[in-house]
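The primary structure of each chain is shown beneath.
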Amino acid sequence: MALSCSLNRYLLLMAQEHLEFRLPEIKSLLSLFGGQFISSQETYGKSPFWILSIPSEDIARNLMKRTVCAKSIFELWGHGKSPEELYNSLKNYPVEKMVPFLHSDSTYKIKIHTFNKTLTQEEKVKRIDALAFLPFEGKVNLKKPQHIFSILEDYGLDPNCIPENPHNIYFGRWIADGQRELIESYSVKKRHFIGNTSMDAGLSFIMANHGKVKENDIVFDPFVGTGGLLIASAHFGAYVYGTDIDYNTVHGLGKASRKNQKWRGPDENIRANLRQYGLEKYYLDVLVSDASKPSWRKGTYFDAIITDPPYGIRESTRRTGSQKEIPKGMEKCPESHVPVSLSYHLSDMFFDLLNFAAETLVLGGRLVYWLPVYTPEYTEEMVPWHPCLKLISNCEQKLSSHTSRRLITMEKVKKFEALK
Amino acid sequence: MKLLTHNLLSSHVRGVGPRGFPLRLQATEVRISPVEFNPDFVARMIPKLHLVEVPKGPIEGYEHDEKFLRQMHHVLLEVDVLEGTLQCPESGRLFPISRGIPNMLLSDEETET
C-alpha cells in the first residue's frame, strides 16, 4: 500500500483556453507570492487538472486572486483512476486534516462535476452517497454551506470519444475561484476608448501576470495605443506610464475604431479608460514619444514593461527620421505631428526594446511583449536576446495558417552597463 | 503632466547627454487634481527622484514621516500641468505640453546617434 503523501497538495482546475499561456502564468504568480512551482506531474499538456504542492493555503488564495487561467483551486484529499483507488486514497488522507472541516458545528455540501460527460441525477447521488465512509459530522446546507467539497470526474478531452468510466477522479475541499470574471467585466466591447488593435481582456491580464505586476509597481508601455494593457496592470494596483508615437491616439482624437462611429468622442482617451473602471488614481502620464528615442533620464524606474509593439500589419510601424530619408512621393503626416515617417525594420525595433528594458527595468523586473512570427520559418533562435535579460517563457498564439504571435517574457538578471 | 514625470524626463537632443536634465518647465495652465494618498507608493518614488536643489537628500526615516510624504504626494502627483513647455537646458529646444500630454518627438537630426 503506497503511503499517500497528501501534505499541502492542491488541485487546480484550469480553463481550456490559451493553453500554452497557463503554466507560465501560474509559475509567475507562485513566485510572486513566495511559492515555487512544485509538481510531481510530468506534463500538463491539454489537461485542465493540475496537481501542485503549495506551501500554504494563503499562497493558494493569493494565487487565485490573480489568475485568469485557473477556474478554481481545491485542497486535494484524494484521487485515483477508479472509484476504488479514490476511496483508498481518501482513507489514507490524515484524519486530523479532515476533522476541522467536518465537525458537528459546521455545515457543508458536496458537489460533483463531470468533464466531457453528463450524468443523471441518480448517478450523481450514488457517487456522493458512496463517500458516506468519510467522517462527516456536520449538517448539510445546500444554500450557504461553510465548506464545499467537490468530486471531479475526468472523462478526457475528446467529445467524440467519451469513455464509460472516468480516467481520473478527484475529491477535494473547494478553496477559491480565480479571476475569470474580469474577462467579461473588462471586455473591450464595453470599453469607452478602443483602437484597431486593442488587446483582448483575458490576454491583457495574462500579460500582467506574466509580468509579475504588483501593488505600487510602476508599469510602462512604450507602444501604449489606447492603453488596454495599462488597465490590467492598474487593476492589480500598479501605477502606469505610456508613450506612443501617434499624437492622435495618445490624445484620443481622430477616427473612431468602432463600427458605426465616425469620430472619437470627448470621453475617449487613456485616462478616461482608467476612469471607467475606477482606476484613475493609477494614471501617471502618457506622452507622445518615439520608443526608439526615449526621453527618460538615466536610471531604473520600471518594475515591468508590458507592451504589444506594432507588427506592421494593422498598425503601421513608424519611427521619426531625417528629411533626406523620405522616399519620393511620401507625404508628411500632419495629423500625427511627426516630421517624417519611415518604416521601422522589425528587428531593429526589438533590439531597441530589449536594450531599453535592460537599461530602465529594476533588477528582477520583467519585459513582456508580443513577437510576430511567420510560422513556416520560425525557429527559437529568432527570439531576440540580451545579456542582461533571461528568457522566462515563450507562448504561441496562432493568428492564421502562416502567422502567429508569441508572448515573450524576460526578466532582468544583470545590471546594465553601457558600452564604453 | 505630473511633476513626478517632469523629474524623470530628460532632453535627448544630440550631444546634450546628462546636461539635458532637468527640463525647464514653463506652465501656462495648471490644475490641481486630488489623487488618493498612498504612502507606500510615495515612499517608493522618493529614491528614484533626482532632487537637484537638495544636496543632502531626504532625512532618514522619511518612509514613516506622514507629513513629509503627504507634501511630496501633493507636489508629485496632484499638480497637473495642462499647457506649457519643457525646454532643453542646453540646446533651448522646446517640447510642448498640450491637454496635459508632453510631445517629446524630435527629428533624426536632432537626436543622439
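Everything that follows concerns the structure shown earlier in this document.
Cut-offs and rules
- Per chain, the residues get numbers from 1 upward, laid out in the order the sequence is written.
- All chains are assigned letters beginning at A, and all ligands numbers beginning at 1, according to the order in which they are written.
- In keeping with the predicted nature of the model, local features appear solely for residues at pLDDT of at least 70, side-chain atom pairs appear and are counted solely at 80 or more, and the whole-chain, interface and lining totals rest on all residues.
- Calculated side-chain values reflect all of the structure's heavy atoms, with hydrogen atoms and water omitted.
- By the criteria applied, helices consist of DSSP H or I runs no shorter than four residues and strands consist of E runs no shorter than two, each listed in order from the N terminus.
- When accessible area is computed with a 1.4 Å probe and restricted to protein chains, residues below 20% of their type maximum are described as buried, those above 50% as exposed, and intermediate ones as partly exposed.
- Every residue pair with non-hydrogen atoms within 4.5 Å of one another is taken to be in contact.
- Where accessible areas are quoted, they stem from the Shrake-Rupley method and a 1.4 Å probe; at the residue level, only the protein chains shown are allowed to cover.
- Charge counting follows a simple rule: Lys and Arg are positive, Asp and Glu are negative, and His as well as the terminal groups are ignored.
- Charge coordinates come from a single atom per side chain, which is NZ of Lys, CZ of Arg, CG of Asp or CD of Glu.
- Two strands are said to pair when DSSP picks up at least two bridges between them.
- Axis angles are defined between N-to-C directions and span 0 to 180 degrees, where every axis is a line fitted to C-alpha atoms and, for a helix, only to the segment in contact.
- Any carboxyl oxygen of Asp or Glu within 4 Å of a side-chain nitrogen of Lys or Arg constitutes a salt bridge here.
- Here the quantity called buried area is the accessible surface, traced with a 1.4 Å probe, that two parts lose on coming together, added over both.
- Pairs of N or O atoms within 3.5 Å make up the polar contacts considered here, provided that, within protein, one atom can donate a hydrogen while the other can accept it, and that residues adjacent in sequence are counted only when both atoms are side-chain atoms.
- Think of it as three bins: nonpolar holds Ala, Val, Leu, Ile, Met, Phe, Trp, Tyr, Cys and Pro, charged holds Asp, Glu, Lys and Arg, and polar takes everything else, Gly as well.

Enquirer: Before we go on, may I ask you to explain the overall build of chain B in this structure?
Expert: Counting its secondary structure elements, chain B contains three helices and four strands. Walking chain B from its N terminus toward its C terminus, one meets helices and strands in the order α-β-α-α-β-β-β. Projecting the C-alpha coordinates of chain B onto the three principal axes gives extents of approximately 45 × 30 × 20 Å. Classification of the 113 residues of chain B by burial places 47% in the buried group. Put simply, of all contacts in chain B between residues at least 6 apart along the chain, 66% involve residues at least 24 apart. Accessible area for chain B stands at about 6000 Å²; split by element, carbon and sulfur atoms hold 53% of it. Side-chain charges of chain B comprise 12 positive and 16 negative groups, with the mean position of each set lying 1 Å from the other.

Enquirer: Which parts of the structure should I look at to understand the sheet that holds strand E9 (residues 239-244) of chain A?
Expert: Through backbone hydrogen bonds, the strands of a sheet pair up, either in parallel or in antiparallel fashion. Residue and element names in this part refer to chain A. Across the sheet, which stays open at both edges, the seven strands sit in the order E10-E9-E8-E11-E14-E16-E15 with mixed pairing between neighbours. On the outer flanks of this sheet lie strand E10 (283-288) and strand E15 (389-398), each paired with one strand and no other. Strand-to-strand twist in this sheet, taken as the mean axis angle between neighbours without regard to direction, amounts to 15 degrees. Strand direction decides the pairing type here: strand E11 (residues 302-307) and strand E14 (residues 361-374), joined by five bridges, are parallel. Its bridge partner being in E14, Phe302 is matched across the sheet by Leu361. Here helix H8 (residues 228-235) sits on the sheet and contacts strand E8 (218-221), E9 and E11; the angle it forms with E9, its principal contact strand, is near 170 degrees.

Enquirer: I would appreciate a short explanation of the pattern of salt bridges in the present structure.
Expert: Side-chain pairing between opposite charges can occur once the charged atoms of the two side chains come close. Taken as a whole and judged by the stated rule, the model has 21 salt bridges over all chains. Across the pair Asp217 of chain A and Arg44 of chain B runs a salt bridge whose closest N-O atoms are separated by 3.8 Å. Note that Asp217 of chain A is positioned in the loop between helix H7 (201-210) and E8 and Arg44 of chain B in helix H2 (residues 39-45), a pairing that runs across two chains. The exposure class of Asp217 of chain A is buried, given its relative accessible area of 2%.

Enquirer: Explain the interface of chain B and chain A to me, please; I cannot follow it from the model alone.
Expert: A common way to state how big an interface is: give the accessible area lost once the parts meet. In this assembly, 36 residues from chain B lie in contact with 38 residues from chain A. For chain B, the biggest contributors to the area lost against chain A are Leu8, Ile101 and Leu105 of chain B; these three give 21% of the whole. Between chain B and chain A we count four salt bridges in total. Between chain B and chain A we count 21 residue pairs in polar contact (both at pLDDT 80 or more) in total. Mapped onto the side of chain B that touches chain A, the elements with two or more residues apiece are helix H1 (3-8), H2 and strand E4 (101-102) of chain B. Taken together, the residues of the side of chain B that touches chain A break down into 15 nonpolar, eleven polar and ten charged.

Enquirer: Would you explain H7 of chain A in this entry?
Expert: Spacing of three or four residues puts side chains on the same side of an α-helix, whose turn is 3.6 residues. Residues and elements named next belong to chain A. Burial of H7 is extensive: ten of the ten residues sit out of reach of the surface. When we look at burial in H7, the residues that qualify are Ala201, Gly202, Leu203, Ser204, Phe205, Ile206, Met207, Ala208, Asn209 and His210. One or two positions beyond H7, positive phi appears at Lys212, with a value near 55 degrees.

Enquirer: Explain the sheet that holds strand E5 (residues 139-140) of chain A to me, please; I cannot follow it from the model alone.
Expert: Residue and element names in this part refer to chain A. Strand order in the open sheet made by the seven strands is E2-E1-E3-E7-E6-E4-E5, with mixed pairing throughout. On the outer flanks of this sheet lie strand E2 (49-53) and E5, each paired with one strand and no other. Here strand E1 (residues 9-14) pairs with E2 via five bridges, running antiparallel. From the neighbouring strand, Leu13 faces E2, where its bridge partner is Phe49. The strands that helix H1 (residues 19-32) touches are E1, E2 and strand E3 (70-80); relative to E2, the one it contacts most, it runs at about 25 degrees. Here helix H2 (residues 57-64) sits on the sheet in contact with E1, E3 and strand E7 (168-177), set at roughly 145 degrees to E3.

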